[in-house]
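A closer look at the structure
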Amino acid sequence: MKLSELLKSLSYTQFIGDDCAEVSLAERYDCREQNSDMLFWFKAKFKDKVALVNKGNIILDKESLPNAPNPNCNYIVCENPRREFQKSLDILYPSDGMNPLLSHFTDSLQIL
């Protein structure tokens, strides 16, 4: 899916990057495993890890945005990164075709 299509469904305050990029999977951040089509999210507690991402699509809050954004990354800045990541999961993995490997996301990201 084009990032521009995903962005239409998200509530964000700022976008930095290339909205023509592809997004095909959402993952927990792992510095050993990064692809340009991956989608990650970070909360402020782990903002120091954002700088370790060398490619991909990142949902984060304004506080976590690096001073010098990486040109190989796309940054989706929003007030509630967790909620927007959950929305992304719902779009990328509709409930009728949910990827069982993502159950750890839905368990830990439930919106109250």
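This one's a predicted model, so the numbers in the text were calculated from it and none came from an experiment.

The tally for this structure, following the rule as stated, stands at five salt bridges. A salt bridge links Glu5 to Lys8, with the nearest nitrogen and oxygen atoms 3.0 Å apart. Here Lys8 falls in the exposed class, since its relative accessible area comes to 64%. Lys47 is the partner of Glu63 in a salt bridge, and the nearest nitrogen-oxygen pair spans 3.5 Å. One end of the pair, Glu63, is in the loop between β4 (56-60) and β5 (73-77); the other, Lys47, is in helix α2 (residues 47-50), with 16 residues separating them in the sequence.

Below, the discussion takes up the environment of Pro66. Within the fold, Pro66 resides in the loop between β4 and β5. C-alpha of Pro66 to C-alpha of Val50: the two residues are 16 residues apart in sequence and 7.2 Å apart in space. Dropping the residues within four chain positions of it, Pro66 is found in contact with Val50, Leu60 and Tyr75.

Reading across the sheet, the five strands line up as β1-β5-β4-β3-β2 and stay open at both edges, with mixed pairing between neighbours. In this open sheet, the two edge strands, each paired with only one partner strand, are β1 (14-16) and β2 (25-26). In this structure, strand β3 (residues 38-41) lies alongside β4, joined through three bridges in parallel fashion. Pairing of Leu39 across the sheet is with Asn57, part of β4. Here helix α3 (residues 81-92) sits on the sheet in contact with β2, β3 and β4, set at roughly 150° to β3.

Cut-offs applied
- Residues numbered from 1 in each chain as written.
- Predicted model: local features only at pLDDT ≥ 70, side-chain atom pairs only at ≥ 80, totals over all residues.
- Heavy atoms only, no water.
- Salt bridge = Lys/Arg side-chain N within 4 Å of Asp/Glu carboxyl O.
- Buried < 20%, exposed > 50% of the residue type's maximum accessible area, 1.4 Å probe, protein only.
- Helix = DSSP H or I, 4+ residues; strand = E, 2+ residues; numbered from the N terminus.
- Contact = heavy atoms within 4.5 Å.
- Pairing = 2+ DSSP bridges.
- Axes fitted to C-alpha atoms, helices over the stretch in contact; angles between N-to-C directions.

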